[in-house]
Every structure is written in structure tokens, then in C-alpha cells.
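Structure assessment
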Amino acid sequence: TIIFEKMLKIFEEHFEGNKKLQPIAVIQQKEKKRSKKKTIMTGRRLKVFISYANEDEKRARDIYRTLEKCVEPWLDKEKILPGEDWEMAISKAIDESDLMLILISKHVLYKEGFIQKEIRLAHERMMQKPDGDIFIVPLRLDDGLLPASLNKLQWVSITDEDWNNKLIRSFKRKAEILKERLVNI
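No experiment lies behind these values; they were computed from the predicted model shown.

**Quick look at the overall build of the chain**
Within the chain, the regular secondary structure consists of seven helices and eight strands. Per-residue burial for the chain yields a buried fraction of 43% across its 185 residues. Considering only contacts in the chain between residues 6 or more positions apart, those separated by 24 or more positions represent 66%. For the chain, the exposed area adds up to about 11,200 Å²; of that, 49% sits on carbon and sulfur atoms.

**What to know about the pattern of salt bridges**
Inspection of the entire model under this criterion finds ten salt bridges. As a salt-bridge pair, K166 and D160 come within 3.6 Å of each other at their nearest N and O atoms. Here K166 falls in the partly exposed class, since its relative accessible area comes to 30%. D160 gets classed as partly exposed once you look at its relative accessible area, which sits at 27%. Note that D162 and K166 form a salt bridge whose closest N and O atoms lie 3.8 Å from each other. Among the charged side chains, a salt-bridge network with shared partners connects E57, R61 and E78.

**Quick notes on the nonpolar core**
By size, the foremost hydrophobic cluster in this structure holds 23 residues, and its most contacted members are I63, L101 and L103. Elements with a minimum of two residues in this core: β3 (47–51), α2 (57–67), β5 (99–104), β6 (136–140) and α7 (163–180). With near-sequence residues (within four places) excluded, L101 lies in contact with V48, F49, I50, S51, I63, L67, V137, L139 and L167. With 21 residues, the next largest nonpolar core counts I90, I94, I119 and I136 among its residues.

**Some points on the packing of aromatic side chains**
Applying the stated criterion to the full structure yields two aromatic pairs. Plain terms: the ring middles of F49 and W74 are 5.0 Å apart, the flat faces sit at 10 degrees to each other, and that makes the pair stacked. Of the two residues, F49 sits in strand β3 while W74 sits in strand β4 (residues 72–74), which places them 25 residues apart along the sequence. By relative accessible area, which is 1% here, F49 ends up buried. The interplanar angle of 75 degrees and the centroid separation of 4.9 Å between the aromatic rings of W86 and F114 together place this pair among those described as edge-to-face. Pair noted here: W86 is in helix α4 (residues 86–96) and F114 is in helix α6 (residues 114–127), with a separation of 28 residues, a long-range link. Accessibility expressed as a relative area gives 46% for W86, which makes it partly exposed.

**Re the sheet that holds β4**
In a beta sheet, neighbouring strands pair by backbone hydrogen bonds and run either parallel or antiparallel. With parallel pairing, the five strands of this open sheet are ordered in space as β4-β3-β5-β6-β7. Looking at which strands have only one partner, the edges of the open sheet turn out to be β4 and β7 (156–157). The pairing of β6 with β7 spans two bridges and is classified as parallel. By the bridge assignment for β7, L139 is matched with V156. Helix-sheet contacts for α2 involve β3, β4, β5 and β6, and the interaxial angle to β3 is about 170 degrees. Relative to the sheet, α4 contacts β3, β4 and β5, its axis offset from that of β3 by approximately 135 degrees.

Criteria and cut-off values
- Residues numbered from 1 in each chain as written.
- Predicted model: local features only at pLDDT ≥ 70, side-chain atom pairs only at ≥ 80, totals over all residues.
- Heavy atoms only, no water.
- Helix = DSSP H or I, 4+ residues; strand = E, 2+ residues; numbered from the N terminus.
- Buried < 20%, exposed > 50% of the residue type's maximum accessible area, 1.4 Å probe, protein only.
- Contact = heavy atoms within 4.5 Å.
- Areas by Shrake-Rupley, 256 points an atom, 1.4 Å probe, with all protein chains shown as cover.
- Salt bridge = Lys/Arg side-chain N within 4 Å of Asp/Glu carboxyl O.
- Core = buried A, V, L, I, M, F, W, Y, C linked by side-chain atoms within 4.5 Å.
- Phe/Tyr/Trp six-rings, centres within 6.5 Å; stacked < 30°, edge-to-face > 60°.
- Pairing = 2+ DSSP bridges.
- Axes fitted to C-alpha atoms, helices over the stretch in contact; angles between N-to-C directions.

Now the structure itself:
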């Protein structure tokens, strides 16, 4: 809990009042030989999907509550309504997310279940991103190994003193990428 309170304070310092990422309009400008479509990014928080093994639900909820102060986190236990098709809701949330925070523990490496599908869906989505974009951020909860499919990605460990600053830097970099992105037609 102390770790999450420190993280919350750091997030609030870095993100307080930061509302520079919401697409509020799509402007079409016709030039002499071509048309450009620009997305203006202002006023929206990053959408962060939190993926975890069921055994790590308490920590996932703690992280969710902390992230609520600075980003728009998505956690199945908080967002899926009774009677809703949970598999469809998760797939849609991954598609709509700016980032996917995968909580890695010893449970993830050997566990069968939907967590494995979430990781595959994240990889599929990441493959659609331009080079240099950030989409999957592995956050290690213990000293367990990373799944082989995540080995090429830089991870952060919750046991590191400055893990929250590293996470903030990833969020900031993603925000910069979104602000810089122009869609040309």
C-alpha cells in the first residue's frame, strides 16, 4: 500500500491537469495535390488495459485504483457488467487501448487461461503499430520469468525503487507519440 501511495503521488505530480491527448476533432485540409486528415489530440487520458492472472487480482486492483488518478485504466473486474459477453468486452478494450500493462508473475508463465489469449491479442495489436511505438508494458510483480513472447520488450519490476518513474516515462512517451501522429490520406 505504501508503494502505491508513493506511485499515486508521483503520477499526480506528473499528470495533474494534463489533458492534452483527446482526439476532439478530425480536420480535413485540402492541399493542391492531396488531402490531409489530421487528428488533434487534446484533453483525453491515456487508455491503459491491465492484464493479470487471477491469482494477482488484489495487486491488479491496487494498480488500477492508483492509475485512475492519471490515466483511464481498464480492468475486467471493474469494467465488465453482469450479463455482458466478457470475452468480447476484453477484446474490444484491448483494441481501444493506447497501452497494455501486463502484470507478470510466476502465475502467468505456467497458467493456462485467458491471460495467454490476452497476451496474444496484445501482440497482434502491437504488430499493427508503427516501429518505435509503445503498446505492451510488462510489469513484473515477482522474480518469475517473462513469457518467451515478451522477452524482447523492456520490462519494469515493481521491486525496483524507481519502477513508478519508469512507468511514468512510458506513459509520457506514448502521449508524445499520440500527439505527434498525423494520419495522411
